[in-house]
Amino acid sequence: MTDNDSGPAGGGVRLVRVTDDRAGQRLDNFLLGQLKGAPRSIVYKIVRSGQVRVNGGRAKAERKLEAGDEVRIPPVRLAPAGEAGTPSRGLLAAMEASIVFEDARLLAISKPSGVASHGGSGISFGVIETLRALRPNQSLELVHRLDRDTSGLMVLAKKRSALTQLQALMREDHGAGIRKRYLALLAGRLPGGTMSVDAALHVGLRQGGERHVQVNAAGKPSLSHFQVLERRGGHSYCEVRIETGRTHQIRVHAQHIGHPVAGDDKYGDLAVNRRLREQIELRRLFLHAASLEFALDDGEAYVLNAPLADDLREALDRLG
């Protein structure tokens, strides 16, 4: 039995053959497409328990599928329509207002801080679930993710071809395919000019499953460039360009050079964070994804921008 994009979540076991246009997709994302409406927690549970098989064998959620692979998908019972709930009107309105660009292939938003990229771990509705609720008849897929606390530019694909092209560009390390620019306030006075940080990063798990990233030679190569735009109140407002897209990369590299991102409760300086909360009402991570530049296969160039979030701009102004 073969299936392209979707099928009933209930019923019996299905054997789905991976088509050419799904080659390279992660197993978890493939399953989310097959089990429409299933939360990620359910998908990871059936993978971990061995109920999902690829070519007859167990597989990890991050496995990249190949054309022709046969995926065994067990029956999954989902809440009937209406039981699962819908995003709040406030979240729907905020997500509608966050759209900064749209064409036939792509949708770009300026994600508010505090909104997760996707639901899971106690979060019912993230960016993707909320936008799908706004656009129920449209195909939307996350091209990449931002940390929940980070604000700024996120891109979603409306067409499968755009998704695969952009994800390939995201995988190209050392800036070959896509230019990523962030804005951040770093604690203390960073030297002038551009400071490049070439330090491998390793993702570990703490008790409870929380991810924690450390500089470790055994990790993945990671390269960031920090450039001071302004100095305010003894701190450094910086542009950050990254040539790799590792988990928590900017935050851990900033910590590594002794100038953590202001408001970072995971890798930052708690005393500095407390002072900034009192002085300038900075209540969250001062990290904002500002722009992405890339070109798709047909040569069309994109320069997408998300202006600095209002709460960060106001905090910066208070810093003097």
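Residues numbered from 1 in each chain as written. Predicted model: local features only at pLDDT ≥ 70, side-chain atom pairs only at ≥ 80, totals over all residues. Heavy atoms only, no water.

### Observations concerning the overall build of the protein chain
Each helix and strand counted, the protein chain has 8 helices and 15 strands in total. Split by element, the accessible area of the protein chain, about 15600 Å² in all, is 47% carbon and sulfur. (Helix = DSSP H or I, 4+ residues; strand = E, 2+ residues; numbered from the N terminus. Areas by Shrake-Rupley, 256 points an atom, 1.4 Å probe, with all protein chains shown as cover.)

### Brief notes about helix α6 (residues 249-256)
Counting buried positions along α6 gives 6 out of 8 residues, so the element sits mostly inside the fold. Burial in α6 covers these residues: Gln249, Ile250, Arg251, Val252, His253 and Ala254. Just downstream of α6 lies Gly258, where phi reads positive at about 85°. (Buried < 20%, exposed > 50% of the residue type's maximum accessible area, 1.4 Å probe, protein only.)

### Let's talk about the packing of aromatic side chains
Taken as a whole, this structure holds 3 aromatic pairs when the rule is applied. Between Phe101 and Tyr302, the aromatic rings sit 5.8 Å apart at their centres with planes inclined by 90°, giving edge-to-face as the arrangement. With a gap of 201 residues between them, Phe101 in strand β4 (residues 99-102) and Tyr302 in strand β15 (residues 301-305) connect regions that are remote in the sequence. We classify Tyr302 as buried; its relative accessible area is 4%. Taking 6.1 Å as the distance between ring centres and 70° as the angle between the ring planes, the aromatic pair formed by Tyr237 and Phe286 counts as edge-to-face. Of this pair, Tyr237 sits in strand β13 (residues 235-242) while Phe286 sits in the loop between α7 (270-280) and β14 (287-295), and the two are 49 residues apart along the sequence. Phe286 gets classed as buried once you look at its relative accessible area, which sits at 0%. Taken together, Phe101, Phe294 and Tyr302 form an aromatic cluster joined through their ring pairs. (Phe/Tyr/Trp six-rings, centres within 6.5 Å; stacked < 30°, edge-to-face > 60°.)

### Details of the sheet that holds strand β2 (residues 53-54)
Backbone-to-backbone hydrogen bonds join strands into a sheet, with any given pair of strands oriented parallel or antiparallel. The antiparallel open sheet is built from 3 strands, whose spatial order is β1-β3-β2. Each end of this open sheet is capped by a strand with a single partner; those strands are β1 (14-17) and β2. Two strands pair when backbone bridges link them, and β2 and strand β3 (residues 70-73) are joined in this way by 2 bridges, in the antiparallel orientation. Bridging across to β3, Val54 finds its partner in Val71. In the packing of helix α1 (residues 27-34) onto the sheet, the strands contacted are β1, β2 and β3, and the crossing angle to β3 comes to about 60°. (Pairing = 2+ DSSP bridges. Contact = heavy atoms within 4.5 Å. Axes fitted to C-alpha atoms, helices over the stretch in contact; angles between N-to-C directions.)

### Here's the deal with the packing of helix α3 (residues 89-97) against helix α4 (residues 127-134)
Where α3 meets α4, the axes come as close as 10 Å, and the angle between the chain directions of the two elements is 90°. For the element pair α3 / α4, the angle class is roughly perpendicular. In this structure, α3 contributes Leu91, Leu92, Met95 and Glu96 to the contact, and α4 contributes Val127, Thr130, Leu131, Ala133 and Leu134. Across the contact of α3 with α4, the residue classes break down as 7 nonpolar, 1 polar and 1 charged. (Parallel < 35°, antiparallel > 145°, perpendicular 65-115°, else oblique. Nonpolar A, V, L, I, M, F, W, Y, C, P; charged D, E, K, R; others polar.)

### What to know about the confidence of the model for the protein chain
In this model, the protein chain carries a mean pLDDT of 88, and residues with pLDDT of at least 70 account for 90%. In the model, residues 1-9 has pLDDT below 50 throughout and makes 28 contacts with residues more than four positions away in sequence or in other chains. (pLDDT = per-residue confidence, 0-100.)

### Focus: the layout of surface pockets
There is about 160 Å³ of room inside the second largest pocket. Lining the second largest pocket we find 13 residues, and of these Gly263, Asp265, Asn273, Arg277 and Arg283 sit closest to its centre. It is α7 that contributes the most residues to the lining of the second largest pocket, 4 residues altogether. When its residues are assigned to classes, the lining of the second largest pocket shows 3 nonpolar, 2 polar and 8 charged. (1 Å grid on protein atoms, 1.4 Å probe; cavity = no way out; pocket = protein on both sides within 12 Å on 5 of 7 lines; lining within 4 Å. Points joined across faces, edges and corners; volume = space filled by probe spheres on them.)

### Looking at the environment of Arg179
Summarising the element assignment, Arg179 is placed in strand β8 (residues 178-186). On a C-alpha basis, the gap between Arg179 and Ser291 in space is 7.9 Å, while along the polypeptide they are 112 residues apart. Other than its neighbours up to four places away in sequence, Arg179 contacts Arg241, Ser291, Leu292 and Glu293.

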